[in-house]
Amino acid sequence: MLAELEQAVLLATLRLDGEGYGLTIRDEIARATGRDLAIGTIHKTLTRLEVKELVASRMGAASPHRGGRAKRHYAVTALGVRELKATLRSIQRLAAGLRLGFDPP
Amino acid sequence: MSRVPRIPVAILEALLPEESREVVIGDLVEEYLELERRHPLRARWRLWREAVGAAVSLQLLPTRVPAFTPYTMESLVQTIVGDLRQAFRVLGRARGFTALCVLTLGVAIGATTAIFSVVNPVLIRGLPFPHPERLVAAYERGADGSRNERMGWETFADVRRASKSIESAAPVGSWEATIFGERDAERVSGERVGWQYFKTLGTHPMLGRDFVAEDDTPDGSGVVILSYALWRRRYGGDSSILGRVIDVNGIKRTVIGVMPSSFENATLREAQMWRPLGYVLGGASSCRTCRHLTNVVRLKPGVSVERASREIDLIFAQLAASHPKEYAGGGGGVVGLQERVTQSVRPVLLTLFGAVLLVLLIAAANVANLQLARAFRRQEEFAVRMALGAGRSRLTQQLAAEGLVLALAGGAAGVAFAAALLPALASRLPANVPRAESIALDWRALAFAVVISVGVGVAIGLVPAVQLGGRGMFDSLRGGRRTVGAASRRTRAAFVVSEMALALMLVTGVALLGRSLTKLLGVNPGFDGSHLVVMPVRAGGVTYQAPGTTLQNHDRIRDAVAAVPGVLSVSLSTEIPLTANVDRYGVQAQDKPLDHPELAPSADRYTVSPDFIRTMRIPMLRGRDFSPAETRDSSIHVAIVSADLANKLWPGEDAIGRQIRLSDAKRPWWRVIGVAGNVRHMGLDEVVSLQVYVPERAWWDEESDMMLVARTAGDAKRVASAVRAAVRSVDPRQPIATPSTMDEIVDLSTAQRRVALTVFAFFSAIALLLAMGGVYGVMSGAVTERMREFGLRAALGANPSGILRLVLRDGLSLALVGLAIGGAGAVLLGRYLGSLLYAVEPRDPVTLGLAGVVVVSTSLLACVVPARRAARVDPMTALRSD
């Protein structure tokens, strides 16, 4: 089972299709969930996901609007997709049949 | 890039792990630059928050924490509230520990707050006038660089005219005023001031009008303004006082105003009446060398004290160039009015504040130490909580919260303690402390208490957290053994060592101050100060304007006082030692003419009634006292000189029979008939000055401002009121002063040192007690830990006294390290005490050694109980314990 934050970061990374990096992943999560997470938290989670080999990263080019610093782009690995599916499926199964007052995803 | 704030980026550069540094900083800079175009402030705030958050989450908190809690504001607040609640629960269970910590912190925070309540209004807070920072006083500098706050009127007028920094300024002269009529005559302190005085300060009378330029002329000055206190006391607060004519020093003066009760007269606290100075160019006392006027100056807005000082310095340089005879050429400047008013008490107050901060440090170290020891005992609790999923950061926060709760409780206890301590402290302050009426436990003191409590709380909370967290001791579930590692024992020992070092500094302070005071009180003042009643007498008004009447009055006063039972002898003099009045004359010897008369040695001039030398018991070294004929006949000019004066004028020769002259060539020659012992005129801690005594009838003026001295058979205090009644009976219309004893005058002259000593001693006692507790705690813990080892030693045949020595040696080595560090601190402190010391070197080996012995024996005393416990170990119990 993936933690809630890990799920959120993986989903956002997927949506950005290999081009996402810290800032854009954060914005993606904010847009969908309304939670304004700290950059440090995002990077922390990405590092952990990478240790678990659920995401892979590559360094991008340095750019002036970042003070001459490079970005690190993240993509979800096959293992990451598998884990994410498993977690979401478990959640769905747990939620199935419950009357929570909203439509299950 | 140059627009990005550098500090947060630098923090990140320093703190982030190598692998994430580049990309995280890149993200934050990108975000900042994006946001900065629309909301510069918000961008900056966000960058800081993100930077701190990233540093904390990426560096301080390890990655392998299983469930990472996201860092948002709401969750942070919730966590803090939870932590505080938990802290209350934990501390509520450990009642003894909590009580000890709160008591320790309460005493230290309370003492610090009490001293702050004194220091703040007296030294720090501005004077109660608009823009007090612009109020200064101008001074003239002597050739040797010394500041002279008094200058001649023409000098002042020139400075005021030439300066572009001055908005308004007024000269101030002293004025002893006696009010006659209606009721008893009353003597009050007053001031003669330039008409702009109150305007310069930024205040004005509550009733009536302020002085105007027309009042401040030689003949237009028949007006006075009263203080609120005088108006209430003598005139019953009657507002018809305005326009009333009162008799002051025999001159009719019209009351034109009353100052408000809130008016604090900065230059002279006790002043109750003001009149215009009325000086003009070329007036009798206006000359440049008539240096008797102080001043208040208001600078123009935006002019700094430094800038004004430079300008005034320049003006004095020009004055010195145009009047080389009148000025020494040392320049001049301005000093903040508040600084000038408080300079006499600054050293003692700053010393006390320094001392109390040392006590606070010791208390904080002690509580941090207790908390650390307790945290080690709770290692299992922490390990269990970690196993249940609490992050290391949560435990850190928990410990910090406990520290904070302890410190705030200590702060609350401290405020209560300060409230109890402050009245006792305020009543013991020297009588000359300025602004003493504004000493109170006000909101500023409370805010101060809160700030130091929070500071101490964070410090004592973080110490155990860093200690435990840094050494991976949170996750020691597997061991289950409560062994304190060598590193942590070193930390606790370091705390104890620093406590001992701080305690040594305080004890050294006490020893230095105590030895100074003993030496000072052992100083021979040159006269016998016991059994002496001292009282100012002054006769004025129309009765005493005819020649001879003042001196006849003195004779009547002496006769009346001599008849008082218990009085052995009585005399009057213009001067009395140790009362800080200065009236010096250059003394020239007829047989040693000087090329430069201004180089003649200057001596305190004592114009005396008969029997002065005998009453004061000043020893006659050569020659004799004045004969009755010499004190009666105004045409006989004879003088007595002090030993040092005789030696200065005629080194190695006999002074008797020589002729001396005081002041200038217009004055007569006096024949020296005796040489008296030296007298410490200026104070016990001052260098010996020179004296010359002359009979009052032979002096060229009839002096009306006198001091009466009466030698009593028994306790001077008990005869004092009878002496006062006798003086009063001579002329009941004259104002009557309160008599004091010479012992009281000596007491007052040592008051600052005695207060410093008392408070230092009090603080040192607290410090020693705390340090003793610290040593006991560490040694006791160490003994518990090593019980098994001691058991083994006992089983292998070590005798109890050997084990006792072993523990005491450990304690002693702690004490010696503390001593080495504290010794260096004590020498520094001694320098800081500087002006309060007398005849004792700050690094005096005897004093330092004495303080060292006190501290070492205290710490050994604290080791005795744990050591005896170790010595009594039963070998079997120790062996069985596993």
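Analysis parameters
- Residues numbered from 1 in each chain as written.
- Chains lettered and ligands numbered in written order.
- Predicted model: local features only at pLDDT ≥ 70, side-chain atom pairs only at ≥ 80, totals over all residues.
- Heavy atoms only, no water.
- Buried < 20%, exposed > 50% of the residue type's maximum accessible area, 1.4 Å probe, protein only.
- Helix = DSSP H or I, 4+ residues; strand = E, 2+ residues; numbered from the N terminus.
- Arc of directions from axis to C-beta.
- Salt bridge = Lys/Arg side-chain N within 4 Å of Asp/Glu carboxyl O.
- Contact = heavy atoms within 4.5 Å.
- Buried area = accessible area lost by both parts, 1.4 Å probe.
- Polar contact = N/O pair within 3.5 Å; in protein donor to acceptor, adjacent residues only side chain to side chain.
- Core = buried A, V, L, I, M, F, W, Y, C linked by side-chain atoms within 4.5 Å.
- Axes fitted to C-alpha atoms, helices over the stretch in contact; angles between N-to-C directions.
- Parallel < 35°, antiparallel > 145°, perpendicular 65-115°, else oblique.
- Left-handed = near helix turned anticlockwise from the far one by under 90°.
- Nonpolar A, V, L, I, M, F, W, Y, C, P; charged D, E, K, R; others polar.
- Pairing = 2+ DSSP bridges.

## Topic: helix H23 (residues 787-795) of chain B
All names here are of chain B. Three or more residues of H23 are buried, namely Phe-790, Gly-791 and Ala-794. One face of H23 carries all of its buried residues, which in axial projection span an arc of 105 degrees. Looking one or two places after H23, you find Gly-797, whose phi comes out positive at around 105 degrees.

## With respect to the pattern of salt bridges
Counted according to the given criterion, the structure contains 54 salt bridges over all chains. We note a salt bridge from Arg161(B) to Asp158(B), for which the minimum N-O separation is 3.0 Å. Separated by three residues within a single helix, Arg161(B) and Asp158(B) lie in helix H6 (residues 153-162), roughly one turn from each other. Residue classification places Arg161(B) among the exposed residues on the basis of a relative accessible area of 60%. For Arg793(B), the salt bridge identified is with Glu789(B), shortest N-O distance 3.0 Å. With a gap of four residues between them, Arg793(B) and Glu789(B) both fall in helix H23, about one helical turn apart. Assessed through its relative accessible area of 36%, Arg793(B) is described here as partly exposed. Within this structure, Arg26(A), Asp27(A), Asp36(A), Glu31(B), Arg46(B) and Glu50(B) form a network of salt bridges that share partners.

## Quick look at the interface of chain B and chain A
Counting from both sides, the interface comprises 29 residues of chain B and, opposite them, 23 residues of chain A. Both sides of the chain B and chain A interface together cover about 2300 Å² of buried area, and 56% of this is carbon and sulfur. The interface formed by chain B and chain A contains six salt bridges. Residue Glu30(B) pairs with Arg66(A) through a salt bridge whose shortest N-O separation is 2.7 Å. Here chain B is connected to chain A by 14 residue pairs in polar contact (both at pLDDT 80 or more). Secondary structure elements with two or more residues in the side of chain B that touches chain A: helix H1 (6-15), helix H2 (18-36) and helix H3 (40-60) of chain B. Among the elements that make up the side of chain B that touches chain A, the one with the highest residue count is H2(B) (twelve residues).

## Side note on the environment of Trp175(B)
Residues and elements named next belong to chain B. As for its placement among the helices and strands, Trp-175 is situated in strand E3 (residues 166-180). Along the primary structure Trp-175 and Val-193 are separated by 18 residues, whereas in three dimensions their C-alpha atoms are 9.6 Å apart. For Trp-175, the contacting residues outside a window of four places in its chain are Val-188, Ser-189, Gly-190, Glu-191, Arg-192, Val-224, Val-248, Asn-249, Arg-253, Met-273, Trp-274 and Arg-275.

## Structural notes on the nonpolar core
Residue and element names in this part refer to chain B. The biggest cluster of nonpolar side chains holds 102 residues, and the ones touching the most others in it are Ile-115 and Phe-760. Among the elements that make up this core, the one with the highest residue count is helix H11 (residues 346-377) (17 residues). Each residue touching Ile-115, except ones within four places of it in the same chain, is listed here: Leu-352, Phe-353, Val-356, Leu-425, Val-759 and Phe-763. Counting 27 residues, the second-largest nonpolar core is a separate cluster that includes Ile-576, Ile-613, Phe-626 and Ile-745.

## Some points on unusual backbone geometry
Backbone geometry at Asp17(A) places phi at a positive 50 degrees, although glycine is not the residue there. Secondary-structure assignment places Asp17(A) in the loop between helix H1 (4-15) and helix H2 (22-33). In this structure, Arg617(B) is a non-glycine residue whose phi angle is positive, near 55 degrees. Tracing the backbone through its elements, the reader meets Arg617(B) in the loop between helix H17 (612-616) and strand E16 (620-623).

## Thoughts on the packing of helix H16 (residues 549-562) of chain B against helix H20 (residues 716-730) of chain B
Residues and elements named next belong to chain B. Viewed as axis vectors pointing N to C, H16 and H20 meet at an angle of 140 degrees, and their least axial separation amounts to 8 Å. It follows that H16 is oblique to H20 by the angle criterion. In the crossing of H16 with H20, the sense of the turn from one axis to the other is right-handed. In this structure, H16 uses Asn-553, Arg-556, Ile-557, Ala-560 and Val-561 to contact H20, whose residues at the interface are Val-723, Ala-726, Val-727, Ser-729 and Val-730. Per-class residue counts for the contact of H16 with H20 are seven nonpolar, two polar and one charged.

## Some remarks on the side chain of Glu191(B)
All names here are of chain B. Note that Glu-191 resides in strand E4 (residues 186-193). Within the structure, Glu-191 has its side chain in polar contact with the side chain of Asn-265 (distance 3.0 Å). Setting aside residues no more than four positions away along its own chain, Glu-191 makes contact with Val-172, Gly-173, Trp-175, Tyr-197, Asn-265, Thr-267, Leu-268, Ala-271, Met-273, Trp-274 and Arg-275.

## Observations regarding the pairing of strand E13 (residues 567-573) of chain B
All names here are of chain B. Of all seven residues that make up E13, six are buried, and the element is covered over most of its length. Sheet analysis places E13 next to strand E21 (residues 705-712), joined by six bridges and oriented antiparallel. Paired with Leu-572 across the strands is Leu-708, a residue of E21.

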